[in-house]
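# A closer look at the structure
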Amino acid sequence: MQQVAMDLMRRARDETSSNKTSFRPEADEMTVKLLYGRGTLEVVIPDGCRPTIIEKRQMPVLNDPELEVAAALDGKEGIKLADLAQNARSACVLICDITRPVPNGLFLRPMIERLIQSGISRDNVTVLVATGLHRPNEDEELAELVGDPWVLNNVSVQNHFAEDDLAHVSLGRTRRGTPIRLDRRFVDADLRIATGLVEPHFMAGWSGGRKVVAPGIAHAETIRTFHNSRFMADPRATNCVLEGNPLHQEQLEILKLLGDCWALNVVIDDQRRPAFINFGEIVNSHLSAVAFIDKYALIEVPRRFKTVVTSAAGYPLDKTYYQTVKGMLGPLDILEPGGDLIIASQCSEGLGSRAFIEAQKSLVELGVEGFWESIRTKELADIDEWQTQMQLKPMRRAHVHLFSEGLNPSELALTAVRSIESVGKTVTEAMARNKDSEVAFVPEGPYVVPRSTKGTAETVAL
């Protein structure tokens, strides 16, 4: 079944390959709106600039998302939630944390209502926030995340804590040696359901599905193992790649040892409107969602640029600099080595976790190659240092410039990239330095992954 779904994804990609150059050379607009915070950052295109706007092809959004949720849960794809719940006494539903704009308010209540109507006591239904190693989501933030007060008032909504040893169950090790420890609330549930967005992911290829389970509800030891430098440095651990991706392979192996698991998958457009919803067995339903989004998010571009401007996708992804690194990696394939990468990210909550800040301090102190030498032989990565490791890729490739209104001077110093006060002015400077007026703009940031058709470009040491 998994192979069938993979073939479906390839076929869908082939059928639309002639339409996958969704970019607009020499756009007529005088401004480009980058996703930024809860709105956009309007960048005036400098005089002499020849912009290319790289964006998704227009995605057909669902006319009636509520009806589509009902159809998915009631067996549109052959799997009916009520049938799964008939012989279950407990259920655990995973949701992504606040870093993902998942429309939980759209599907959680109808899902839970079906579980209760099928005989599962509401006291035995748990909604578990798959935080991974992120901080918990609580109070008003939890209410925003869940999106429906009915859910909070009728079932238990809890956070996953990756460093709580007693809260996890061991399932052994993967063939690569990764220890598998998962949250016992999910492992012990009769009915296990993961929910989330399917979108490009800079390490795991695509988000959602199996990723909501691991690292979503994995123990810190599990996460720190398959986020070590060896996994992160693998060239297949990148955006929009599943075949040969070691993280994806680890996640599939973990699911196989876990046993039956189901998923509700959502794809949204650039205005956060649902465009695709399905429900089914976790691996194959996820691959079906990937087959859909792949046609829109992966954009073939027939050239590279010496200057690329992008974003960190706006709220909630650009709340921290930690998440901003994803935006730096998305357009790397279309950036000429030695060029300029300019990214806008609000960073309203600052840099990120204390652990990430310590990793950034090490990067500033040791430099790119020194930091790499300090982590490359570790079996267990320090918490959140993998994001700093991923930042090495754009730093080796280009001059990186950050526009952010949420970081103070000391925090900006720890980004290890150049802080700028104006995107437009920096574009002008980059055009002069590169002696090239062609500039690529990727307004949606890491939700769009441009790929050059010119083959592989070598990184350079800067």
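Cut-offs and rules
- Residues numbered from 1 in each chain as written.
- Predicted model: local features only at pLDDT ≥ 70, side-chain atom pairs only at ≥ 80, totals over all residues.
- Heavy atoms only, no water.
- Helix = DSSP H or I, 4+ residues; strand = E, 2+ residues; numbered from the N terminus.
- Contact = heavy atoms within 4.5 Å.
- Buried < 20%, exposed > 50% of the residue type's maximum accessible area, 1.4 Å probe, protein only.
- Polar contact = N/O pair within 3.5 Å; in protein donor to acceptor, adjacent residues only side chain to side chain.
- Pairing = 2+ DSSP bridges.
- Core = buried A, V, L, I, M, F, W, Y, C linked by side-chain atoms within 4.5 Å.
- Salt bridge = Lys/Arg side-chain N within 4 Å of Asp/Glu carboxyl O.

## Structural notes on the side chain of Thr-178
- Mapping Thr-178 onto the fold places it in the loop between strand S8 (168-173) and strand S9 (179-183).
- The residues touching Thr-178, leaving out its near neighbours within four places in the chain, are Gly-172, Arg-173, Thr-222, Thr-225, Phe-226, Phe-231 and Glu-250.

## Here's the deal with the environment of Gln-251
- As for its position among the elements, Gln-251 is in helix H11 (residues 246-258).
- The exposure class of Gln-251 is buried, given its relative accessible area of 2%.
- Each C-alpha atom, one on Gln-251 and one on Gly-330, is 22 Å from the other, the two residues being 79 residues apart in sequence.
- Sequence-distant contacts of Gln-251, that is, excluding residues within four places in its chain, are made with Ala-204, Arg-210, Lys-211, Ala-214 and Pro-215.
- A polar atom in the side chain of Gln-251 sits 3.0 Å from the backbone oxygen of Ala-214.

## Some points on the side chain of Thr-225
- With respect to the helices, strands and loops of the structure, Thr-225 is situated in helix H9 (residues 220-226).
- You can call Thr-225 buried: its relative accessible area is 8%.
- Setting aside chain neighbours within four positions, we find Thr-225 in contact with Thr-178, Pro-179, Phe-231, Glu-379 and Leu-380.

## Observations concerning the pairing of strand S17 (residues 335-344)
- In terms of burial, S17 is largely enclosed, as 7 of its 10 residues are buried.
- Pairing geometry for strand S16 (residues 305-311) and S17, over 6 bridges, is parallel. Residue pairing in the sheet places Ser-311 in a bridge with Ala-344 of S17.

## Side note on the nonpolar core
- Core analysis: the largest hydrophobic core is formed by 128 residues, its most contacted members being Leu-94, Leu-115, Val-151, Leu-191 and Val-213.
- Ranked by residue count, the leading element in this core is helix H12 (residues 282-297), at 9 residues.
- Each residue touching Val-151, except ones within four places of it in the same chain, is listed here: Leu-108, Arg-109, Ile-112, Val-127, Val-146 and Val-157.
- Grouped together as the second largest cluster of nonpolar side chains are 18 residues, Val-32, Leu-41, Val-423 and Val-427 included.

## Topic: the pairing of strand S2 (residues 31-36)
- Both S2 and strand S3 (residues 39-44) contribute to a ladder of 6 bridges, which runs antiparallel. Note on S3: the bridge partner recorded for Thr-31 is Val-44.
- Connecting S2 to the next strand, S3, in antiparallel fashion are 2 residues, including Gly-37 with a positive phi near 55 degrees.

## Quick notes on the pattern of salt bridges
- What the rule picks out here adds up to 26 salt bridges.
- Linking Glu-444 and Lys-56 is a salt bridge whose minimum nitrogen-to-oxygen distance equals 2.6 Å. Of this pair, Glu-444 sits in the loop between strand S20 (438-442) and strand S21 (449-452) while Lys-56 sits in the loop between strand S4 (50-54) and helix H2 (65-73); the two residues are 388 residues apart in sequence, bridging distant segments of the chain. Grouping residues by exposure puts Glu-444 and Lys-56 together as buried.
- Beyond isolated ion pairs, a larger network of salt bridges with shared partners links Arg-135, Glu-141, Lys-319 and Glu-349.

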